[in-house]
Amino acid sequence: MTDATQEAPMKSGLARIMMGPNARKAMIGVLSVVCGVILWHLASLRTSPLFLPSPLTVAQTTMEMVADGSLFVAIGASAWRISAGWAMGVVLGVPLGLLMGRFHVVRLIVDPYIEFFRFIPPIAFVTLAVIWFGPGEFTKIVLIFYTTVFIVTLNTIAGVSAVNPLRLQAARSMGATKLSEMTTVIFPSAVPFMITGARIAMGNSFLTVVSAEIVSAQTGLGAMIWTARNFGRTDWVFVGIIALGILGYLFDRAFRLATQKWFKRFLF
Amino acid sequence: MAKGASIQLDHVGISFGEAHVVSNVNLDIRPGEFICLLGPSGCGKSTLLNAIAGFLPVAGSIHVGGDRVTKPGLDRGVVFQSAEVLFPWLTIRENVEYGLKLAGVPKQERHKKADHFVALVGLSHAADKFPKQLSGGMRQRAQIARVLINEPSVVLMDEPFGALDAQTREVLQKELDRIWRETGCTIVFVTHDIWEALLLADRVVVMTAGPKAGIKTIENIDLPHPRDAASPECLELFRRLRDDIGEEVKRALEQQGLNKEEPVT
Ligand SMILES: Nc1ncnc2c1ncn2[C@@H]1O[C@H](COP(=O)(O)OP(=O)(O)OP(=O)(O)O)[C@@H](O)[C@H]1O
Ligand SMILES: [Mg+2]
């Protein structure tokens with residue numbers, strides 16, 4: 001109490017924004033980025049733009065691509081594929097994981113496939129996916145779905161096995177059936193694991209989407225990075241990479257905010 | 001409130017694979033009786049309690065209120081030693097309402113009843129908090145409320161106050177005594193604490209050391225409530241129970257020592 005009243009005048013208004021510990025952390029981050037860009041700039045002075053375009057060139061190219069809308073088209077295409085495939089993967093992975101974790105028979109049936117496929121990276125399936133599903137949108141979404149569903153399923157299974165058995169006993173002694181046990185104890189217990197899985201899957205989806213777009217797409221950030229090669233436009237590659245980085249950051253941020261908002265009570 | 005139900009244990013044996021933990025236990029518990037179960041660590045007190053709860057299959061038979069126990073049921077409430085069994089994603093009120101919600105009791109009625117039981121254990125001020133925001137003693141009260149709201153005719157308690165400090169324990173013992181009187185339920189209460197047993201129980205059941213643990217002695221505590229621990233009768237009972245349990249603890253330790261040196265064939 002005394003601390004708060006003493007420091008209250010100092011920590012009000014602008015002073016708090018400027019000097020709060022969070023602001024200081026943010027300042028360090030910003031400074032670090034500025035230094036990095038300066039180093040990049042210095043390095044680019046000693047090489048050709050084809051090898052390493054300067055930050056100014058990249059900024060200029062970015063502005064051009066923003067002006068003609070091509071950057072947003074590319075970002076939109078990639079973001080849509082990731083969102084759609086990832087969402088489908090989560091929606092299927094969670095119940096699959098719950099069933100596998102809960103019912104031994106399901107586990108025995110699905111396990112050999114999971115154990116086999118989990119070590120095959122989605123990229124290995126790009127060619128096959130194009131042959132089967134054509135070069136269209138669906139192919140990319142299927143690959144992201146594949147990426148996601150495994151991670152989410154495996155994490156959900158881990159969550160189900162981590163359920164405190166005493167909580168299950170307690171629920172049973174209060175009248176829980178097999179079904180209500182699932183919805184009221186097992187599912188909530190496994191939520192933190194599902195969230196972890198979904199988050200890792202999100203990261204891996206970026207990996208997959210770029211690979212898939214490089215192999216078979218006219219749109220998207222992966223395609224943009226790849227076509228840059230044909231035109232000798234290294235600056236496009238940089239724009240694509242930076243866009244990917246920012247998009248990934250935003251997705252992760254949004255995901256974290258959403259889980260904090262909707263699943264807060266499950267994150268104990 | 002639901003009245004207490006009788007419990008009959010008839011030649012009850014419990015094994016985990018080859019390990020025969022409890023064997024040939026016979027015990028008749030009257031409706032509304034308060035039974036304390038004492039015995040050396042590892043003899044099978046929790047196991048026996050879990051069997052009455054319906055968590056374990058048994059040889060012989062267990063009847064509660066005349067019905068044979070085959071699975072867990074709402075007629076038998078279970079209070080666990082650790083309040084970890086509260087659901088951390090639910091508030092105290094939601095935890096307490098859990099059984100009613102499963103039973104499909106309408107919201108209004110659920111709330112009203114939950115308020116009553118939360119108040120009964122003195123947690124009204126903390127009803128909307130989450131378990132992790134509560135102290136150990138408060139959590140244990142919440143667990144008790146969550147069990148009592150289902151109006152079980154039998155309450156099974158496995159060292160419910162074991163993890164609490166002496167002062168909190170004393171307060172909760174008094175509250176339990178009061179609640180038991182108010183509800184009239186039958187209570188089977190496992191404890192290591194002889195004084196606790198003397199304070200609460202109508203009868204104290206002392207178990208023998210395992211394996212194949214059984215009942216060693218049963219003491220009637222025919223003293224009026226509230227009990228005075230310093231009274232000569234209490235001290236005499238304490239001595240007898242201490243000696244009985246001491247013998248079994250010694251046996252248990254000897255057995256463990258022997259088992260280490262030369263495995264019994
Ligand atoms: N699930 C199980 N599988 C195999 N053995 C078990 C299992 N549960 C308990 N046991 C054994 O049964 C015996 C009795 O255990 P129990 O937990 O009932 O003892 P207890 O009397 O409650 O001991 P404590 O006072 O320490 O709580 C122990 O020897 C224990 O090793
Ligand atoms: Mg025990």
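Residues numbered from 1 in each chain as written. Chains lettered and ligands numbered in written order. Predicted model: local features only at pLDDT ≥ 70, side-chain atom pairs only at ≥ 80, totals over all residues. Heavy atoms only, no water.

A. View of the overall build of chain B. For chain B, the count of helices and strands is seven helices and 10 strands. Taking 18 Å as the expected radius of gyration for a compact globule of 265 residues, we find that chain B reaches 19 Å, a close match to that expectation. Over its C-alpha atoms, taken along the principal directions, chain B stretches across nearly 60 × 45 × 35 Å. Burial analysis of chain B (265 residues in total) assigns 52% to the buried set. Residue pairs in contact within chain B that sit at least 24 positions apart in sequence constitute 69% of those at least 6 positions apart. Of the roughly 12200 Å² of accessible surface on chain B, a fraction of 52% belongs to carbon and sulfur atoms. Charge centroids of chain B, computed over 31 positive and 35 negative side chains, lie 5 Å from each other. (Helix = DSSP H or I, 4+ residues; strand = E, 2+ residues; numbered from the N terminus. Rg over C-alpha atoms; globule rule 2.2 N^0.38 Å. Buried < 20%, exposed > 50% of the residue type's maximum accessible area, 1.4 Å probe, protein only. Contact = heavy atoms within 4.5 Å. Areas by Shrake-Rupley, 256 points an atom, 1.4 Å probe, with all protein chains shown as cover. Lys, Arg positive; Asp, Glu negative; His and termini not counted. Charge placed at Lys NZ, Arg CZ, Asp CG, Glu CD.)

B. Just the nonpolar core, in detail. Leu9 and Leu48 of chain B are the most contacted members of the largest nonpolar core, which totals 81 residues. Looking at this core, the element that brings in the most residues is helix 10 (residues 178-215) of chain A, giving 13 residues. What Leu9 of chain B contacts, discounting residues up to four positions off in sequence, is Val25, Asn26, Leu27, Leu48, Ile52, Ser61 and Ile62 of chain B. (Core = buried A, V, L, I, M, F, W, Y, C linked by side-chain atoms within 4.5 Å.)

C. View of the UniProt feature "transmembrane region" (unreviewed entry) in chain A. Residue and element names in this part refer to chain A. The feature "transmembrane region" (unreviewed entry), as annotated in UniProt, sits at residues 26-43, 71-96, 116-135, 141-163, 184-202 and 236-255 in this numbering. Along residues 26-43 the backbone is 100% helical and 0% strand, and the end-to-end C-alpha distance reaches 26 Å. When the span residues 116-135 is considered, its composition is 50% helix and 0% strand, and the gap between its end C-alpha atoms is 26 Å. (UniProt positions renumbered as here; feature names shortened; annotations may be inferred.)

D. Representation of the packing of aromatic side chains in the model. Residue and element names in this part refer to chain A. Taken as a whole and judged by the stated rule, the model has 19 aromatic pairs over all chains. Measuring from ring centre to ring centre gives 6.2 Å for Phe263 and Phe266, while their planes differ by 50 degrees; the resulting arrangement is tilted. Phe263 gets classed as partly exposed once you look at its relative accessible area, which sits at 31%. Grouped by ring-pair contacts, the aromatic residues Phe116, Phe117, Phe125, Tyr146 and Phe150 constitute a single cluster. (Phe/Tyr/Trp six-rings, centres within 6.5 Å; stacked < 30°, edge-to-face > 60°.)

E. Structural context of the UniProt feature "domain: ABC transporter" (unreviewed entry) in chain B. According to UniProt, the feature "domain: ABC transporter" (unreviewed entry) maps to residues 7-234 of chain B in the numbering used here. Note that residues 7-234 of chain B is 33% helix and 26% strand, and that its end C-alpha atoms are spaced 27 Å apart.

F. Expanded view of the sheet that holds strand 3 (residues 34-38) of chain B. All names here are of chain B. Read across the sheet, six strands follow the order 6-7-8-3-9-10 without closing on themselves; strand pairing throughout is mixed. Looking at the sheet topology across the chains shown, the edges are occupied by strand 6 (76-79) and strand 10 (215-220). With direction set aside, neighbouring strand axes in the sheet form an average angle of 15 degrees. Pairing analysis gives four bridges linking strand 3 to strand 8 (residues 186-190), with the strands arranged parallel. What sits directly across from Cys36, in strand 8, is Phe189. Sheet strands touched by helix 5 (residues 166-183): strand 3, strand 7 (154-158) and strand 8. Its angle to strand 8, the strand with the most contacts, is close to 155 degrees. (Pairing = 2+ DSSP bridges. Axes fitted to C-alpha atoms, helices over the stretch in contact; angles between N-to-C directions.)

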